[in-house]
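# Overview (structure and organization)
As a plain string of letters, each chain reads:
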Amino acid sequence: MTDGPTYGFDTLQIHAGSRPDSATGARQTPIYQTTAYVFRDSEHAAALFNLQEVGFIYSRLTNPTVAVLQERIATLEGGVGAVCCSSGHAAQIMALFPLMAPNKNIVVSTRLYGGTVTQFSQTIKRFGWSAKFVDFDDLVSLRAAIDADTRAVFCESIANPGGYITDLPEIAKLADEAGIPLIVDNTSATPYLCRPIEHGATLVVHSTTKYLTGNGTVTGGCIVDSGKFDWSSSDKFPSLSQPEPAYHGLKFHETFGSLAFTFHGIAIGLRDLGMTMNPQAAHYTLLGIETLSLRMDRHIQNAVEIAKWLDADDRVDLVTYAGLESSPYFDRVAKICPKGAGALFTFSIKGGYEACIKFVDSLEIFSHVANLGDSRSLVIHSASTTHRQLSPEQQTAAGAAPDVVRLSIGIENVLDLISDLDRALTAATKS
């Protein structure tokens with residue numbers, strides 16, 4: 001879209017980054033199903049490879065369909081640029097890649113998706129990186145965990161699985177004090193509910209697989225660059241501030257300014273890691289984003305009613321939904337997620353692990369899948385699936401104790417969903 005009026009979210013989710021196709025006039029963004037792009041001449045090719053001109057070279061790096069998605073997500077998040085990739089996990093590695101080096105660490109919240117806990121506690125060790133897990137409600141411990149080798153702070157805006165809401169401004173202050181970026185996973189909230197950059201985040205990551213796409217068809221990830229971090233203020237981030245040998249000594253921050261991280265993510269990250277989003281996946285996600293605000297409003301409307309119903313049921317011990325006034329995080333909703341607390345939360349069933357298994361197996365409308373953010377309502381018992389690799393202590397810290405079930409509330413008729421939950425709870429708790 002051209003410079004001029006400031007458009008609302010509902011307009012931007014349809015139009016940002018999208019222009020009629022110059023060749024055909026097609027209004028919907030085409031799927032550019034191509035591997036490579038013809039150069040105008042040898043001089044044009046050389047300029048592209050030297051990063052002297054922006055354009056399309058090879059679809060591992062850039063693709064016109066993916067480029068539209070990148071611009072749309074960056075616009076909705078209030079960032080200067082974005083890099084899309086193959087999955088949310090890929091986005092996390094790509095976000096860390098320019099920041100880290102052997103023997104460096106990140107400080108991360110204990111309240112994270114189980115796969116992220118495994119990635120940070122186990123997999124990144126193979127790169128010589130490490131992670132320190134801290135309760136982000138304990139700001140004293142968080143400050144103490146940051147040391148001279150810390151290169152980033154990482155958390156989720158609305159944490160999976162429990163729906164915990166992070167006090168982003170307070171976390172951002174600590175990261176700023178240490179001169180390191182705050183990376184926020186905004187998958188569960190989406191930019192419709194929360195814009196972490198406005199709360200001090202440097203980078204925002206997404207699993208676009210979830211609410212942004214919203215239809216359970218494709219996987220994808222995205223890293224959004226705020227453009228606000230001074231990568232040259234210290235010697236902590238040489239990949240961005242120092243000469244890059246692969247580009248004849250080019251310094252990314254000096255050359256590209258606020259877009260340094262974005263350009264590095266494409267020119268180095270996608271080039272060498274190859275975690276590329278395919279254009280068809282980008283197309284499906286663009287279609288999903290067009291209705292994001294409409295879906296999120298319905299997700300939240302249903303989630304509030306269901307959480308209240310569960311909270312009043314004697315077969316349930318605890319509901320973690322931050323949208324309930326009884327939640328210790330209720331006051332954060334207005335500050336961090338003013339449009340609502342999302343549609344992801346957990347509840348614990350009387351009867352423990354076995355009751356949870358019976359409950360999941362007795363549901364009819366809720367789909368038992370390892371996903372969230374679909375238009376369909378979804379359920380999973382995290383302790384036996386997504387968080388199975390964690391210790392009991394880690395499961396409890398992450399909000400995935402053995403007696404806990406996670407719900408991702410969809411956009412179906414809410415009375416049908418409550419009836420389904422009621423039948424399953426009866427089956428799970430009967431003698």
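Above this text is the structure in question.
Notes on the structure follow. (Residues numbered from 1 in each chain as written. Predicted model: local features only at pLDDT ≥ 70, side-chain atom pairs only at ≥ 80, totals over all residues. Heavy atoms only, no water.)

## Structural notes on the overall build of the protein chain
The secondary structure content of the protein chain amounts to 17 helices and 12 strands. Projected onto its principal axes, the C-alpha positions of the protein chain cover 75 × 55 × 40 Å. Classification of the 431 residues of the protein chain by burial places 55% in the buried group. Sequence-distant contacts in the protein chain: of pairs separated by 6 or more residues, those separated by 24 or more amount to 72%. (Helix = DSSP H or I, 4+ residues; strand = E, 2+ residues; numbered from the N terminus. Buried < 20%, exposed > 50% of the residue type's maximum accessible area, 1.4 Å probe, protein only. Contact = heavy atoms within 4.5 Å.)

## Here we look at the sheet that holds strand β8 (residues 316–319)
Strand order in this open sheet of 5 strands is β8-β9-β12-β11-β10, and the pairing throughout is mixed. For this open sheet the edge positions go to β8 and β10 (367–368), each flanked by a neighbour on one side alone. Where strand β11 (residues 378–380) and strand β12 (residues 404–408) come together, 3 bridges link them in antiparallel fashion. Within β12, the position partnered with Val 379 by the bridge is Leu 407. Packed onto the sheet, helix α15 (residues 352–362) meets β9 (344–349), β10, β11 and β12 and runs at close to 120° relative to β9. (Pairing = 2+ DSSP bridges. Axes fitted to C-alpha atoms, helices over the stretch in contact; angles between N-to-C directions.)

## What about the pattern of salt bridges?
Scanning the entire structure with this criterion turns up 17 salt bridges. Put simply, Arg 111 and Asp 135 hold a salt bridge, and the shortest N to O gap is 2.8 Å. Taken together, the positions of Arg 111 in the loop between β2 (105–109) and α5 (114–121) and Asp 135 in the loop between β3 (130–134) and α6 (139–145) put the pair 24 residues apart, joining distant regions of the chain. We classify Asp 135 as partly exposed; its relative accessible area is 31%. When the shortest N-O distance is used, the salt bridge between Lys 173 and Glu 170 registers 3.4 Å. (Salt bridge = Lys/Arg side-chain N within 4 Å of Asp/Glu carboxyl O.)

## A few points about the sheet that holds strand β7 (residues 221–225)
On the basis of which strands lie adjacent, the open sheet formed by 7 strands has the order β1-β7-β6-β5-β4-β2-β3 and mixed pairing. Either end of the sheet is taken by a strand with one partner, and the two such strands are β1 (81–85) and β3. Looking at each pair of strands side by side, their axes are set apart by 20° on average, direction ignored. With 5 bridges connecting them, β2 and β3 associate as parallel partners. Bridging across to β3, Ile 106 finds its partner in Ala 131. Sheet strands in contact with α5 are β2, β3 and β4 (150–156), and its direction is about 130° off that of β3. Across the sheet, helix α11 (residues 260–273) is in contact with β1, β6 (203–207) and β7; its angle to β1 comes to roughly 25°.

## A short note on empty space enclosed by the protein
If you walk through the whole model with that rule in mind, you get 1 cavity of 30 Å³ or more. A volume near 50 Å³ is recorded for the largest cavity. Around the largest cavity sit Ser 59, Arg 60, Leu 61, Thr 62, Asn 63, Val 66, Gln 70, Cys 84, Leu 270, Thr 276 and Met 277, which together line it. Among the residues forming the lining of the largest cavity, the class breakdown is 5 nonpolar, 5 polar and 1 charged. (1 Å grid on protein atoms, 1.4 Å probe; cavity = no way out; pocket = protein on both sides within 12 Å on 5 of 7 lines; lining within 4 Å. Points joined across faces, edges and corners; volume = space filled by probe spheres on them. Nonpolar A, V, L, I, M, F, W, Y, C, P; charged D, E, K, R; others polar.)

## Points about the packing of helix α4 (residues 88–96) against α5
For the pair α4 and α5, interaxial distance at closest approach is 11 Å and the crossing angle is 35°. Classified by chirality, the crossing of α5 by α4 is right-handed. Taken together, the residues of α5 that come into contact with α4 (itself represented by His 89, Gln 92, Ile 93 and Leu 96) are Gly 115, Thr 116, Gln 119 and Phe 120. Considering only residue class, the contact of α4 with α5 consists of 3 nonpolar, 5 polar and no charged. (Left-handed = near helix turned anticlockwise from the far one by under 90°.)

## So, the side chain of Ser 384
Checked against the element boundaries, Ser 384 lands in the loop between β11 and α16 (392–397). Here His 381 takes part through its side chain, which lies 2.9 Å from a polar atom of the side chain of Ser 384. (Polar contact = N/O pair within 3.5 Å; in protein donor to acceptor, adjacent residues only side chain to side chain.)

## Considering unusual backbone geometry
Excluding glycine, residues mostly carry a negative phi; peptide bonds, for their part, are mostly trans. The amide bond that connects Asn 160 to the next residue, Pro 161, takes the cis arrangement and shows omega of 20°. Along the chain, Pro 161 falls in the loop between β4 and α7 (168–178). Non-glycine residue Asn 103 carries a positive phi angle of around 75°. Among the secondary structure elements, Asn 103 is positioned in the loop between α4 and β2. Phi is positive for Thr 190, close to 65°, though the residue is something other than glycine. With respect to the secondary-structure elements, Thr 190 resides in helix α8 (residues 190–193).

## Considerations on the packing of aromatic side chains
The relation between two aromatic rings is expressed through the spacing of the ring centres and the mutual angle of the planes. Applying the stated criterion across every chain, the model contains 15 aromatic pairs. Seen in terms of ring centroids, Phe 127 and Trp 129 are 4.7 Å apart; in terms of plane orientation they differ by 45°. Their pairing is tilted. For Phe 127, a relative accessible area of 41% corresponds to the partly exposed category. Judged by relative accessible area, Trp 129 falls into the buried class, the value being 6%. Put simply, the rings of Phe 229, Trp 231, Phe 237 and Phe 261 pair up and form one aromatic cluster. Sitting over the face of the ring of Tyr 164, Arg 111 holds its NZ or CZ atom 4.0 Å from the ring centroid. Lying across the ring of Tyr 192, Lys 339 places its NZ or CZ 4.8 Å from the centre. (Phe/Tyr/Trp six-rings, centres within 6.5 Å; stacked < 30°, edge-to-face > 60°. Lys NZ or Arg CZ within 6 Å of the ring centre and 35° of its normal.)

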